[in-house]
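# Observations on chain architecture
What follows is each chain in one-letter form.
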Amino acid sequence: MAVDAEAQFHVLAVDDSLMDRKLIERLLKTSSSFQVTTVDSGSKALEVLGLKEEDQTSTSALSPQHNEIEVNLVITDYCMPGMTGYDLLKKIKESSSLKDIPVVIMSSENVPSRINRCLEGGAEEFFLKPVQLSDMRRLGPHILKGKHKEQQQLHQEENSNTNHTIMGSSNNNNMSNKRKVMDEEILSDRTRLGFSSSSLNLI
């Protein structure tokens, strides 16, 4: 049962090395039977995630694209030509629709300042290459946490929409009540005027 549930989770693996991509894919499928998609660059990862990089020189020139593939976790190499793993991490965390996707960084270089920068930037883990099967088994809790955040956000949005509907209905009722009071006041004024006219005619 656990394997079937985990098989529903989709991991996006990003690495410019074909050998490393194949290794990561094999480890992911061996450890938890994840669905795995591999790409060789950060820009291709953005396409899979549904973000298109319009201008390579601009870090904020991203436009949302329709994406039918749901990604539950991104694992990316740090050192890649063009866009580094840290750059990819920043773009994911800056996106309102993708920020809850867990991101794991890998590197063959043990540089403490680099590791700290990635973790402070929102990465869940920093693995040293070559990655091991035990590393892949640590990804499950991060995926579940990401799914929990996503469900919480959807719940909050549903509550917000419900509150807006209730407020709109309340405003409509208030307007209806105000109209009713105004109509009654106008009718009362007309009745008083009619009595006054009759009195004058009798005189």
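Residues numbered from 1 in each chain as written. Predicted model: local features only at pLDDT ≥ 70, side-chain atom pairs only at ≥ 80, totals over all residues. Heavy atoms only, no water.

## Notes on the packing of helix α3 (residues 42–49) against helix α4 (residues 85–94)
For the record, the criterion: To get an axis, fit a line to the C-alpha atoms, keeping to the stretch in contact for a helix; angles then go from 0 to 180 degrees between the N-to-C directions. Helix and strand assignments come from DSSP, with helices taken as H or I runs of at least 4 residues and strands as E runs of at least 2, each series counted from the N terminus. For classification purposes, an angle smaller than 35 degrees is called roughly parallel, one larger than 145 roughly antiparallel, one from 65 to 115 roughly perpendicular, and anything else oblique. Crossings are classed by handedness, with left-handed meaning an anticlockwise turn of the near helix from the far one by less than a right angle and right-handed meaning a clockwise turn. Every residue pair with non-hydrogen atoms within 4.5 Å of one another is taken to be in contact. When residues are sorted by character, Ala, Val, Leu, Ile, Met, Phe, Trp, Tyr, Cys and Pro go into the nonpolar class, Asp, Glu, Lys and Arg into the charged class, and all the rest, Gly among them, into the polar class.
Their axes nearest at 10 Å, the elements α3 and α4 cross at an angle of 25°. Viewed along their axes, α3 and α4 adopt a mutual orientation that is roughly parallel. Crossing angle aside, the handedness with which α3 passes α4 is right-handed. Within the contact between the two elements, α3 uses Gly-42, Ala-45, Leu-46 and Leu-49 and α4 uses Leu-88, Lys-91 and Ile-92. Across the contact of α3 with α4, the residue classes tally to five nonpolar, one polar and one charged.

## Observations concerning the side chain of Ser-107
Heads up, the condition is: Relative accessibility under 20% of the residue-type maximum defines a buried residue, over 50% an exposed one, and the middle range a partly exposed one, all with a 1.4 Å probe and only protein chains included. In protein, a polar contact means a hydrogen-donor-capable atom and an acceptor-capable atom, both N or O and within 3.5 Å, with residues adjacent in sequence counting only if both atoms are side-chain atoms; elsewhere, any N or O pair within 3.5 Å suffices.
Relative to the elements of secondary structure, Ser-107 occurs in strand β6 (residues 103–107). The class of Ser-107 is buried, set by a relative accessible area of 1%. Side-chain polar atoms of Ser-107 contact the side chain of Arg-114, separated by 3.4 Å. When sequence neighbours within four positions are dropped, the list of residues in contact with Ser-107 reads Asp-77, Tyr-78, Arg-114, Phe-126, Phe-127, Leu-128 and Lys-129.

## As for the nonpolar core
In summary, soluble globular proteins display a tendency toward joint burial of nonpolar side chains. The test is simple: Nonpolar core, defined: a set of buried Ala, Val, Leu, Ile, Met, Phe, Trp, Tyr and Cys residues in which side-chain atoms within 4.5 Å join the residues together.
Among the nonpolar cores identified, the biggest contains 25 residues, and Leu-12, Val-14, Leu-49, Val-74, Leu-88 and Ile-105 are the most heavily contacted of them. Where this core is concerned, the elements lending two or more residues are β1 (10–14), α3, α4, β6 and α5 (112–120). Those residues within four positions of Val-14 in sequence are excluded, and the remaining contacts are Val-39, Ser-41, Gly-42, Ala-45, Val-74, Ile-75, Thr-76, Asp-77, Met-80, Leu-88 and Met-106. In terms of nonpolar packing, the next biggest core, distinct from the first, is built from 17 residues, Leu-27, Leu-73, Val-104 and Phe-127 among them.

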